[in-house]
Amino acid sequence: EKGGYDYFMLKEIAEQPKAVADTLLGRIGTDGRLTLDELRIPDSVLREADKVVIVACGTAFHAGMIAKYAIEHWTRIPCEVEVASEFRYRDPILDGRTLVIAISQSGETMDTLMALRHAREQGAKVLAICNTNGSTIPRESDAVLYTHAGPEVAVASTKAFLTQLVACYLVALYLGQVRGTKWGDEISAVIRELGDAPRQVEQVLQTMEPVRELARSLADARSVLFLGRHVGFPVAMEGALKLKELAYMHAEGFAAGELKHGPIALIEPGLPVVVVVPSPRGRSILHDKIVSNIQEIRARGARTIVIAEEGDEAVAPYADHLIRIPVTPVLLQPLVSVVPLQVFACELATAKGHEVDQPRNLAKSVTVE
Ligand code: F6R
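Described in the following lines is the structure provided in the data block. (Residues numbered from 1 in each chain as written. Predicted model: local features only at pLDDT ≥ 70, side-chain atom pairs only at ≥ 80, totals over all residues. Heavy atoms only, no water.)

A tally of regular secondary structure across the chain gives 14 helices and ten strands. Over its C-alpha atoms the chain spans a radius of gyration of 20 Å, differing by no more than 12% from the 21 Å that the globule rule assigns to 369 residues. Viewed in the frame of its principal axes, the chain has a C-alpha envelope of about 55 × 45 × 40 Å. Residues counted as buried form 58% of the 369 residues belonging to the chain. For the chain, the proportion of contacts with a sequence separation of at least 24, taken over those separated by at least 6, is 74%. Here the chain has roughly 14500 Å² of accessible surface; of this, 50% comes from carbon and sulfur atoms. Measuring between centres, the 39 positive side-chain charges of the chain sit 2 Å from its 47 negative side-chain charges. (Helix = DSSP H or I, 4+ residues; strand = E, 2+ residues; numbered from the N terminus. Rg over C-alpha atoms; globule rule 2.2 N^0.38 Å. Buried < 20%, exposed > 50% of the residue type's maximum accessible area, 1.4 Å probe, protein only. Contact = heavy atoms within 4.5 Å. Areas by Shrake-Rupley, 256 points an atom, 1.4 Å probe, with all protein chains shown as cover. Lys, Arg positive; Asp, Glu negative; His and termini not counted. Charge placed at Lys NZ, Arg CZ, Asp CG, Glu CD.)

Have a look at this one:
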């Protein structure tokens, strides 16, 4: 059932182009507009929502962090994202005009379930983004947008994460469509590019051999840091989470701009630092800033592992290892930039002799609070 792969995780990483394609299927009309008929929340409610609150745990929380960038940019609705376990205990401000999005692969995560129950008690509408048909979280929500990743067996989430991102982008774009915000060329281009994501993810998967080799060479590292900006920041956190859970190694993801506020003290000669570089197009100011960050850490002896768009030559002089990803719209980059980080963690953990499908102390679905 592992389809010729040694581990479910490898199989599931390889299945990502299909998982993304299946999650898009039937949701982008031939006219380039979105049809999310399954959303039982009436358009009028979506039009009147004055705040979006995303709750989720772990990897799903990272998808939510990325969704925030997309929702606020494309719809101009204020959006908060919070780990579900913190949410209800601080008495959050919710009412009938709050749209809560609960993201969960399993649909059974107790922290997320308790958060959404709390939100509904306060009168908020809850939309679940979920991979498991008929599970508790969608049953208790007002509406559900299913991801179609297929069953995810490996404990560490990979294909479910990519499909959560796709679902978040679809919801963000749909909110924009219903509310008429930023509707025009930019959005049409994004929808087209989203349709191209399966091919781009496949392209990344075809170029992973050097990443595997690099991961094996780092099996004895004590710690790995991950840096990113904008949507690359949650991607950095996700890369660190994968490494912690699979390789049992100290890893941390930072916003690259925070480096100088503390974490730069951690940099010592030979420390591997993975940097997710935003596109040089679009918000190019961020690109310039991250290039300086790479220079700073390299000057202090870090071994820089740089994930950058094809054609981005500015980073090349400062990269000890350069991993190329396809050119995408700025907000969609996580769909391709996270893939090398999944492969990296999986390979590094395997090189250390760990069982990647069943990491110690972890369960696939966490049904206690
Ligand atoms: C990490 C991982 C976990 C889950 C988290 C939420 O690889 O898989 O962090 O993302 O436990 O699980 P779901 O999405 O089932 O609610």
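For helix 14 (residues 334-351), spanning 18 residues, the distance from its first C-alpha to its last is 26 Å, which sits close to the expected 26 Å at 1.5 Å a residue. Helix 14 sits mainly inside the fold: 16 of its 18 residues count as buried. Phi turns positive, to about 85 degrees, at Gly 353, one or two residues after helix 14. (Expected span 1.5 Å × (residues − 1).)

It is worth spelling out the packing of aromatic side chains at this point. Following the criterion strictly, the structure yields one aromatic pair and no others. When the ring centre of Tyr 248 is taken as origin, the NZ or CZ atom of Arg 360, which lies over that ring, is 4.0 Å away. (Phe/Tyr/Trp six-rings, centres within 6.5 Å; stacked < 30°, edge-to-face > 60°. Lys NZ or Arg CZ within 6 Å of the ring centre and 35° of its normal.)

Just distances and angles here, no functional claims.
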